[in-house]
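Chain by chain, the residues:
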Amino acid sequence: MYDFHSHTDFSGDCSATPESMVQSAIAKRLKGLALTDHVDYDYPHETPSFEMDLDVHFKTLTNLKVKHAKEIQIAVGLEIGYQTSCCLKASQTVTSRPYDFILCSIHTLKGADLYYGNFFQTRTPLEAITEYLEALCQMVDNFHDFDVVGHLDLPRRYHKPINALSTSDYTAVLTKLLQKIIAQDKAIEFNTSGYRYGDESPYPNFEAAKLYYALGGRKITLGSDAHRPEDIGHLFDETAAVLKGIGFGVAYYYVNRQAISYTL
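Quick notes on the rules
Residues numbered from 1 in each chain as written. Predicted model: local features only at pLDDT ≥ 70, side-chain atom pairs only at ≥ 80, totals over all residues. Heavy atoms only, no water. Buried < 20%, exposed > 50% of the residue type's maximum accessible area, 1.4 Å probe, protein only. Helix = DSSP H or I, 4+ residues; strand = E, 2+ residues; numbered from the N terminus. Arc of directions from axis to C-beta. Contact = heavy atoms within 4.5 Å. Salt bridge = Lys/Arg side-chain N within 4 Å of Asp/Glu carboxyl O. Pairing = 2+ DSSP bridges. Axes fitted to C-alpha atoms, helices over the stretch in contact; angles between N-to-C directions. Parallel < 35°, antiparallel > 145°, perpendicular 65-115°, else oblique. Left-handed = near helix turned anticlockwise from the far one by under 90°. Nonpolar A, V, L, I, M, F, W, Y, C, P; charged D, E, K, R; others polar. Core = buried A, V, L, I, M, F, W, Y, C linked by side-chain atoms within 4.5 Å. Phe/Tyr/Trp six-rings, centres within 6.5 Å; stacked < 30°, edge-to-face > 60°. Lys NZ or Arg CZ within 6 Å of the ring centre and 35° of its normal.

Draft legend 1. Main features of helix α9 (residues 236–246). The set of residues buried in α9 consists of Phe 236, Thr 239, Ala 240, Leu 243 and Ile 246. In an axial view of α9, the angular spread of the buried residues amounts to 110 degrees, which keeps them on one side of the axis. Exposed residues pointing more than 90 degrees away from the buried face of α9 are listed as Asp 237 and Gly 245. Structurally, α9 contributes buried residues whose contacts are with β1 (2–3), β8 (187–191), α7 (193–196), α8 (206–214) and β9 (220–223).

The following block contains the structure:
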């Protein structure tokens, strides 16, 4: 399988070297690994810092890709942290170098990283997940220089009362989002960090997976969102088994921004 969401010490919230992440993927016999370090422009907090030298980053990962070409397929990528204020800058970054893969996510909403929890203090669980999904709709409408939408129900990670909701409580906005993703020929990832954060499913959950499939969505990736070598490929076999039960026969990896299918 291919792990298409991981981080290295180029990301401000990670201390693992790129080499250590690649060695873990090789040891776990993965066929491919995307290194998708954070690019979060206009980040509203002092720490962590998501500033990095993009030229050094690209050169380092490209050299690693060549070095290990006979052992594993490495995708040189980025995870764009979308905000409306930085669309143009993000597009310029993405198109300035020949990346293999671009993941796009929302980490920050209404001036705060969801990690810190302030966003949830003045909203009910339903209001929080609905507002987040609406923001993703805006992202898909207004920003097109990416391949895959990352962890599309991320608020579940940081505000556990959302898990008490039924997906049917917000089906309308989720359906709208998934239809937009399908229409743009983008993919969604199934981010297995959910299990590490105490949830019983990846992000998004399997109810969202069933809805995506019913709407005609077929493009998916698997991503661990690993910030440590030991988390590479976490619970991929178990996640793939459920996805196959829903109907997904293939997942995708990317080379030169082109989607290539492989059998789950």
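Draft legend 2. Structural view of the pattern of salt bridges. Summed over the entire model, instances satisfying the criterion amount to 16 salt bridges. One salt bridge in this structure joins Arg 97 and Asp 55, with 3.0 Å as the shortest N-O distance. Linking Arg 97 in the loop between α3 (87–95) and β4 (101–105) with Asp 55 in helix α2 (residues 54–67), this pair joins segments that are 42 residues apart in sequence. Judged by its relative accessible area of 17%, Arg 97 is buried. Across the pair Lys 110 and Glu 131 runs a salt bridge, and its minimum N-O distance is 3.7 Å. Linking Lys 110 in the loop between β5 (108–109) and β6 (112–113) with Glu 131 in helix α4 (residues 125–142), this pair joins segments that are 21 residues apart in sequence. Judged by its relative accessible area of 63%, Lys 110 is exposed. Residues participating in the shared-partner salt-bridge network are Arg 196, Arg 228, Glu 230 and Asp 231.

Draft legend 3. Fine view of the sheet that holds β1. Strand order in this open sheet of 7 strands is β1-β2-β3-β4-β7-β8-β9, and the pairing throughout is parallel. Each end of this open sheet is capped by a strand with a single partner; those strands are β1 and β9. Pairing analysis gives 2 bridges linking strand β7 (residues 148–149) to β8, with the strands arranged parallel. Bridge pairing in β8 links Val 149 to Ile 188. Along the sheet face, helix α1 (residues 18–27) touches β2 (32–39) and β3 (73–81) and points at about 150 degrees away from the line of β2. Those strands touched by α9 are β1, β8 and β9, and its axis lies near 155 degrees from that of β9.

Draft legend 4. Region of interest: the side chain of Thr 175. Here Thr 175 is to be found in helix α6 (residues 171–183). A relative accessible area of 17% means that Thr 175 is categorised as buried. Among all residues touching Thr 175, those that are not within four sequence positions of it are Leu 211 and Leu 215.

Draft legend 5. The packing of α6 against α8, seen in detail. For the pair α6 and α8, the least separation of the axes is 10 Å and the interaxial angle reads 55 degrees. When the axes of α6 and α8 are compared, the pair comes out oblique. In this structure, α6 meets α8 at a crossing whose hand is right-handed. Here Thr 171, Leu 174, Thr 175, Leu 178 and Ile 182 of α6 lie close against α8, whose contacting residues are Ala 208, Leu 211 and Tyr 212. Here the contact of α6 with α8 is built from residues that sort into 6 nonpolar, 2 polar and no charged.

Draft legend 6. Up close: the nonpolar core. Formed by 87 residues in total, the largest nonpolar core has its most connected members in Leu 136, Met 139, Leu 152, Ile 220 and Leu 243. Per-element tally for this core: the top contributor is α4, with 9 residues. Once you skip the residues sitting within four places of it in the chain, Leu 136 turns out to touch Ile 106, Val 149, Leu 152 and Leu 177.

Draft legend 7. Region of interest: the packing of aromatic side chains. Counted according to the given criterion, the structure contains 15 aromatic pairs. Plain terms: the ring middles of Tyr 2 and Tyr 253 are 4.1 Å apart, the flat faces sit at 5 degrees to each other, and that makes the pair stacked. Of this pair, Tyr 2 sits in strand β1 while Tyr 253 sits in strand β10 (residues 250–255), and the two are 251 residues apart along the sequence. The interplanar angle of 75 degrees and the centroid separation of 5.0 Å between the aromatic rings of Tyr 213 and Phe 248 together place this pair among those described as edge-to-face. Here Phe 248 lies in the loop between α9 and β10 and Tyr 213 lies in helix α8, a separation of 35 residues in the sequence. Note on Tyr 213: relative accessible area 24%, which makes it partly exposed. The structure contains a cluster of three or more aromatic residues connected by ring pairs, namely Phe 190, Tyr 212, Tyr 213 and Phe 248. If you follow Lys 186 out to its NZ or CZ, it ends over the ring of Phe 146, 4.8 Å from the centre.

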